[in-house]
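Notes for the structure review
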Amino acid sequence: MISIPKGTKDVLPSESYKWHYIENTVREVARLFGANEVRTPTFEHTELFLRGVGDTTDIVNKEMYTFEDKGNRSITLKPEGTAGVARAYIENSLFNAPQPTKMYYITPVFRYERPQAGRLREHHQFGVEFYGSYSPQADVEVMSLAKSIFAKLGVKDLQLNINSIGCKSCRKDYNKALREYFSSKIDGMCATCKERLDKNPLRILDCKEEKCKAIVKDAPSTIDYLCEDCKSHHESVRKGLTSIGLEYTVNPRIVRGLDYYTRTVFEFISTGIGAQGTVCGGGRYNDLVEQVGGKPTPAVGFGMGIERLIMVLESLGLPIGEPYAPTVYIAPMCDKARDVALTIANDLRAKGISSEFDVMDRSFKAQMKYADKLSADFVIIIGEDELKANKLAVKNMKTGEQVEINSQSLFEVISKK
Ligand code: ATP
Ligand code: MG
């Protein structure tokens, strides 16, 4: 037998309803905020992620699924959703439309990571991207959108952590402070951090190695090095969050694992699903569009892990949609009744009523058992007697009540449920 690749998962027919529920919910909330769906390819030119995500990040250095196609192009499976959207924004001149451009996506994401609970090699993200606005209110809007999704799903206990990592101008002073802090300690740190010290010291703050984490603990905080503009942006974001009653904590340790962030970064964390507790991560990325070849364009957004979101709902015992159950199951008791069953099923379906009938040649008793298992609302029983009298026996599976009706009144009886 050929097995599933490590770190990937099947969504089986018996559980796909959970995904539909989540997807419908996020679409609905996105619509309330005026965001439209954007669909970009599953793979892009590798260069896009090198420039967009950043070549000092773990994602680019260690985790990308990169290969050469038959035309000798270097291709990479999306390791995140934002860079592709930025490319599409530029390539399709979406900046020519009245701004902001508010978009969302639902996409598979591929990262060669060490598989564990909540960490897959193919996972799925719902993401939001608001382009064109420098306003701190846009930052508040995207956090509010994420929060609205959690609220709609019934999740109350996620903690919002925010930080500001400044802009190009304040980053210079901050990088200098980081280099000063780390230079005396770098010998005790991992090889990757040694490289980072020179290239991009901010990345050291995101290192997952225990020995590095211990040193990072006392490193200078971005927030103490913000320029006046970044400071005032940060204050306005905080004010905005407070004004809509969105509780948050400022956590100066959050820097996020992608290079494109500027100013606001944030994470929604769950404490109930183990070590991989970040359900949603995002922030502002005012330099990304320019970095991948467009005109300077402000943007803010987030990515939300759908598998982790489902884990959170499960851990809280919250309902995750409803499994499929037919309204009607038709149980023919003789061969002649089988053709009638087919006709009735199609008539009901044409009226929008989900209907199934026996195609397994089960005995009547086994059919009733199966209908029960399917959680059908009604079973229509057709035997010799019913055929002769042009009648149908309809059993309400919830109440157990069974009535004999004329076939013409079937729709009426069923739709009364
Ligand atoms: P983490 O710190 O957990 O590795 P990240 O910072 O790499 O997360 P992002 O790149 O911001 O995460 O992705 C957005 C969201 O996608 C995360 O908050 C998480 O819910 C989900 N996610 C990221 N990587 C994985 C993965 N390997 N498996 C499942 N979900 C993931
Ligand atoms: Mg990660």
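Just above sits the structure.
Let me begin by describing the structure that accompanies this report. All figures in this text were calculated on a predicted structure; none of them were measured in a lab.

The next thing to look at is the sheet that holds strand E1 (residues 36-37). Judged by pairing direction, the sheet is mixed, and its eight strands sit side by side in the order E1-E5-E6-E11-E10-E9-E7-E8 without closing on themselves. A single partner strand is all that each edge strand has here, and the edge strands are E1 and strand E8 (249-250). Relative to E8, strand E7 (residues 159-164) is paired through two bridges, and the arrangement is parallel. Paired with Ile162 across the strands is Val250, a residue of E8. Seen against the sheet, helix H4 (residues 82-91) touches strand E5 (101-110) and strand E6 (122-131) and runs at an angle of roughly 40 degrees to E6.

Attention shifts here to the site of ligand 1. Every one of the 16 residues lining ligand 1 counts as a neighbour, but Arg111, Glu113, Leu120, Arg256 and Thr278 are closest to it. Between an oxygen atom of ligand 1 and a side-chain N or O atom of Arg111, the distance comes to 2.6 Å. The separation between a nitrogen atom of ligand 1 and a polar main-chain atom of Leu120 is 2.8 Å. Every element with two or more residues in the shell around ligand 1 is listed here: E6, strand E10 (278-284) and strand E11 (299-305).

Time to look at the pairing of E11. With seven of seven residues buried, E11 lies mostly within the body of the structure. Side chains Ala299, Gly301, Gly303 and Gly305 of E11 all project onto a buried face; the interleaved residues Val300, Phe302 and Met304 project onto the opposite face, where all are buried too. Sheet topology places E6 next to E11; seven bridges connect them, and they run antiparallel. In the strand pairing of E11, Gly127 is matched with Gly303. As paired strands, E10 and E11 are joined by five bridges and run antiparallel to one another. Looking across to E11, one finds that Gly282 is bridged to Phe302.

It is worth spelling out the sheet that holds strand E2 (residues 43-45) at this point. A sheet is described by the order of its strands in space; here three strands give the open sequence E2-E4-E3, paired in antiparallel fashion. Of all strands in the sheet, those bounded by a partner on one side alone are E2 and strand E3 (66-68). When strand polarity is set aside, the average angle formed by the axes of neighbouring strands in this sheet is 35 degrees. Where E2 lies against strand E4 (residues 74-77), three bridges are found, and the strand directions are antiparallel. By the bridge assignment for E4, Phe43 is matched with Leu77.

Let us look at the pattern of salt bridges. Enumeration over the complete set of coordinates arrives at 22 salt bridges. Among the salt bridges present, the one from Lys62 reaches Asp58, with a minimum N-O distance of 3.5 Å. Remark: Asp58 and Lys62 occur in helix H3 (residues 58-63); sequence separation between them is four residues, near one turn of the helix. In this structure, the salt-bridge partner of Lys398 is Asp377, at a minimum N-O distance of 2.7 Å. Here the residue Lys398 occupies a position in the loop between strand E15 (391-396) and strand E16 (402-406), and Asp377 occupies one in the loop between helix H13 (364-374) and strand E14 (378-382), the gap between them amounting to 21 residues. A network of salt bridges, in which partner residues are shared, links Asp335, Arg338, Asp358 and Asp361.

Another aspect to go through is helix H11 (residues 306-315). Within H11, seven of the ten residues are buried, which leaves the element mostly enclosed by the surrounding structure. Along its buried surface, H11 packs onto helix H1 (16-32), E5, E6, helix H5 (136-153), E10 and E11. Count one or two residues on from H11 and you reach Gly317, which has phi positive near 65 degrees.

A few words on the packing of aromatic side chains. Applying the stated criterion to the full structure yields 14 aromatic pairs. Ring geometry for Tyr104 versus Phe126: centroids 5.8 Å apart, planes at 50 degrees, classification tilted. Taken as a pair, Tyr104 in strand E5 and Phe126 in strand E6 lie far apart in primary sequence, 22 residues in all. With respect to burial, Tyr104 and Phe126 carry one shared label: buried. Taking 5.7 Å as the distance between ring centres and 75 degrees as the angle between the ring planes, the aromatic pair formed by Tyr329 and Tyr370 counts as edge-to-face. Separated by 41 residues along the polypeptide, Tyr329 in strand E12 (residues 328-332) and Tyr370 in helix H13 bring together distant segments of the chain.

Following the sequence through the fold, Glu63 ends up in helix H3. Put simply, Glu63 is tucked away with no salt bridge, and the nearest opposite charge, on Arg111, sits 4.6 Å away. Residues contacting Glu63, with those up to four places away along its chain left out, are Asp58, Phe110, Arg111, Tyr112 and Glu113.

Counting buried residues in E10 gives six out of seven residues, a clear majority hidden from the surface. For strand E9 (residues 262-269) and E10, the ladder comprises six bridges, and the chain directions are antiparallel. Of the residues in E10, the one forming a bridge with Ile269 is Thr278.

The next thing to look at is the nonpolar core. With 44 residues, the main nonpolar core has Tyr131, Phe182, Met189 and Leu205 as its most contacted residues. If you list the elements that add at least two residues to this core, you get helix H2 (46-52), H3, H4, E5, helix H6 (168-183), helix H7 (191-199), helix H8 (210-216) and helix H10 (288-291). Those residues within four positions of Leu205 in sequence are excluded, and the remaining contacts are Tyr174, Leu178, Phe182, Val216, Ala219 and Val255. One finds Val128, Ala138, Leu246 and Val312 within the second-largest nonpolar core, a separate group that totals 41 residues.

A separate point is the packing of H1 against H5. Direction vectors running N to C along H1 and H5 enclose 135 degrees, while the axes themselves pass 10 Å from each other. Between H1 and H5, the interaxial angle falls into the category oblique. Note that H1 runs across H5; the crossing there is right-handed. For the pair formed by H1 and H5, the contact residues are Tyr21, Ile22, Thr25, Val26, Glu28, Val29 and Ala30 on the first element and Leu145, Ser148, Ile149, Lys152 and Leu153 on the second. Residues that form the contact of H1 with H5 fall into these classes: eight nonpolar, two polar and two charged.

About the cut-offs
Residues numbered from 1 in each chain as written. Chains lettered and ligands numbered in written order. Predicted model: local features only at pLDDT ≥ 70, side-chain atom pairs only at ≥ 80, totals over all residues. Heavy atoms only, no water. Pairing = 2+ DSSP bridges. Helix = DSSP H or I, 4+ residues; strand = E, 2+ residues; numbered from the N terminus. Contact = heavy atoms within 4.5 Å. Axes fitted to C-alpha atoms, helices over the stretch in contact; angles between N-to-C directions. Near = heavy atom within 4 Å. Polar contact = N/O pair within 3.5 Å; in protein donor to acceptor, adjacent residues only side chain to side chain. Buried < 20%, exposed > 50% of the residue type's maximum accessible area, 1.4 Å probe, protein only. Salt bridge = Lys/Arg side-chain N within 4 Å of Asp/Glu carboxyl O. Phe/Tyr/Trp six-rings, centres within 6.5 Å; stacked < 30°, edge-to-face > 60°. Lys, Arg positive; Asp, Glu negative; His and termini not counted. Core = buried A, V, L, I, M, F, W, Y, C linked by side-chain atoms within 4.5 Å. Parallel < 35°, antiparallel > 145°, perpendicular 65-115°, else oblique. Left-handed = near helix turned anticlockwise from the far one by under 90°. Nonpolar A, V, L, I, M, F, W, Y, C, P; charged D, E, K, R; others polar.

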